[in-house]
Amino acid sequence: MEILLAEHSGFCFGVKRAIKIAMEASDNKQPIYTLGPLIHSPQMVNELAEHGIRLAEKPEDLHNSTVIVRSHGITLSDREMLIKNGNTLIDATCPFVSKAQDFVKKLCSEDYPVIIMGDKTHPEVIAMLSYCSTETLVVNNPDELPERSWKKLGVLSQTTKNMSMLQELVGRLVPNVEEMRLFNTICTATTLRQDATIALAKKCDLMIIIGGRNSSNTKMLATLCAGITGILHVETADEIYAEQISSHHRIGLTAGASTPDYLIVDVYNKINELTGNRTSVKSVKDIPVNKEESC
Ligand code: SF4
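Only a predicted model underlies this, so the values are computations on that prediction, with no experimental measurement involved.

Chemist: Just checking my understanding: could you explain the pattern of salt bridges for this structure?
Modeler: Close approach of charged atoms allows side chains of opposite charge to pair. All told, the structure shown has twelve salt bridges when counted by the stated rule. When the shortest N-O distance is used, the salt bridge between Arg148 and Glu135 registers 2.8 Å. With Arg148 in the loop between strand E7 (136-139) and strand E8 (150-157) and Glu135 in the loop between helix H5 (123-130) and E7, this pair connects stretches of sequence that are 13 residues apart. Under the relative-accessibility criterion, Arg148 is labelled partly exposed at 34%. Using a relative accessible area of 41% as the deciding quantity, one classes Glu135 as partly exposed. Between Arg172 and Glu168 there is a salt bridge, with its nearest N and O atoms 2.5 Å apart. Of this pair, Arg172 and Glu168 both sit in helix H6 (residues 163-173), four residues apart, which is roughly one turn of that helix. Accessibility expressed as a relative area gives 36% for Arg172, which makes it partly exposed.

Below, the structure written as structure tokens:
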């Protein structure tokens, strides 16, 4: 059996940056807080807690504290309440997310109704919506578009959505809109991870997707792989059993942008252990990577 890792797996620029900012702010003497998880990896959130970086669920629970704004950003009203309650904010919003928020503000200031392709329950989308007072609509995919027309319309996407889906959405809107302004807000890290994952999935009979079940970009990797080959979505190596993998010849691994390297290493070693292979690695750099570019 061969095991290959998709290129560009694991932590993206925005997640690495958020963790670095949080770690630098933590001195282990005073607890600091994030409003909602800093990143969508329960294992990483537990690790951050060991460094005194705690999770708060509601802005009203935080007074006179240091609060890290997570990579997905926060809503305007949460930001205002945190400041009113005397908290010091340290902004770890990913620059790609901040840029998407700026585009929403711009469209709103120019009176454009806005369509966001994304998950309406995701914090990033909820935060984007909070900056817009014109008419807004969130659709998860092009099939959710209503049958109607617009005189003018702004279109953008959650940063972790899929490029082909955005192209299809725009294509379907074109006949029904007189003037459309599109901002491509899908981030580069997302596109690189999705393309590399698709390329690997095409040559594997099983893809194991490693990452939080609450992680939008990890779920998108699983959805893309499911259209190509067999999949297994796990958060940790403990969820893998011999009967799930023993009949497969080539297993591909991929990991969402918020998945720490050690979880990828654990999964690789667990597969080898379950299949009687004595190979084990200490670093993600030692796992064979699929370098194929095309997808
Ligand atoms: S997936 Fe993209 S937008 Fe999200 S944190 Fe990473 S780099 Fe930023």
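Continuing now.
Chemist: What am I meant to see in the sheet that holds strand E12 (residues 250-255) here?
Modeler: A sheet is described by the order of its strands in space; here five strands give the open sequence E11-E10-E12-E1-E13, paired in parallel fashion. Of all strands in the sheet, those bounded by a partner on one side alone are strand E11 (230-234) and strand E13 (289-290). Here helix H7 (residues 188-201) sits on the sheet and contacts strand E1 (2-6), strand E10 (206-210), E12 and E13; the angle it forms with E1, its principal contact strand, is near 160°.

Chemist: In this structure, what is going on with the side chain of His248? I would like to understand it.
Modeler: Counting through the fold element by element, His248 comes out in the loop between helix H9 (242-245) and E12. Residue classification places His248 among the buried residues on the basis of a relative accessible area of 18%. Not counting chain neighbours up to four residues away, the residues in contact with His248 comprise Met1, Asp205 and Leu206.

Chemist: Just checking my understanding: could you explain the site of the ligand for this structure?
Modeler: Neighbouring the ligand are Cys12, Gly14, Cys94, Phe96, Val97, Thr159, Cys187, Ala189 and Thr190. When contributions to the shell around the ligand are tallied by element, the ones reaching two or more residues are helix H4 (95-109) and H7. Of the residues belonging to the shell around the ligand, the class tally is six nonpolar, three polar and no charged.

Chemist: Help me out: how do you make sense of unusual backbone geometry in this one?
Modeler: Trans peptide bonds make up the majority, and among non-glycine residues the majority have a negative phi. Residue His8 is not a glycine yet carries a positive backbone phi of 60°. Topologically, His8 is positioned in the loop between E1 and helix H1 (13-25).

Chemist: So what exactly am I meant to see when it comes to the sheet that holds E7 here?
Modeler: One key point about sheets: their strands pair by backbone hydrogen bonds, in either a parallel or an antiparallel sense. Taken together, the four strands give an open sheet; going across it, the order is E7-E6-E8-E9, and neighbouring strands pair in parallel fashion. The open sheet has two edge strands, E7 and strand E9 (177-182), and neither has a second partner. Taking the axes of each pair of neighbouring strands and ignoring which way they run, one obtains an average angle of 25° across the sheet. Bridging between E8 and E9 involves five bridges; their strand directions are parallel. Bridge pairing in E9 places Trp150 opposite Val177.

Each value, and the rule that gives it
Residues numbered from 1 in each chain as written. Predicted model: local features only at pLDDT ≥ 70, side-chain atom pairs only at ≥ 80, totals over all residues. Heavy atoms only, no water. Salt bridge = Lys/Arg side-chain N within 4 Å of Asp/Glu carboxyl O. Helix = DSSP H or I, 4+ residues; strand = E, 2+ residues; numbered from the N terminus. Buried < 20%, exposed > 50% of the residue type's maximum accessible area, 1.4 Å probe, protein only. Pairing = 2+ DSSP bridges. Contact = heavy atoms within 4.5 Å. Axes fitted to C-alpha atoms, helices over the stretch in contact; angles between N-to-C directions. Near = heavy atom within 4 Å. Nonpolar A, V, L, I, M, F, W, Y, C, P; charged D, E, K, R; others polar.

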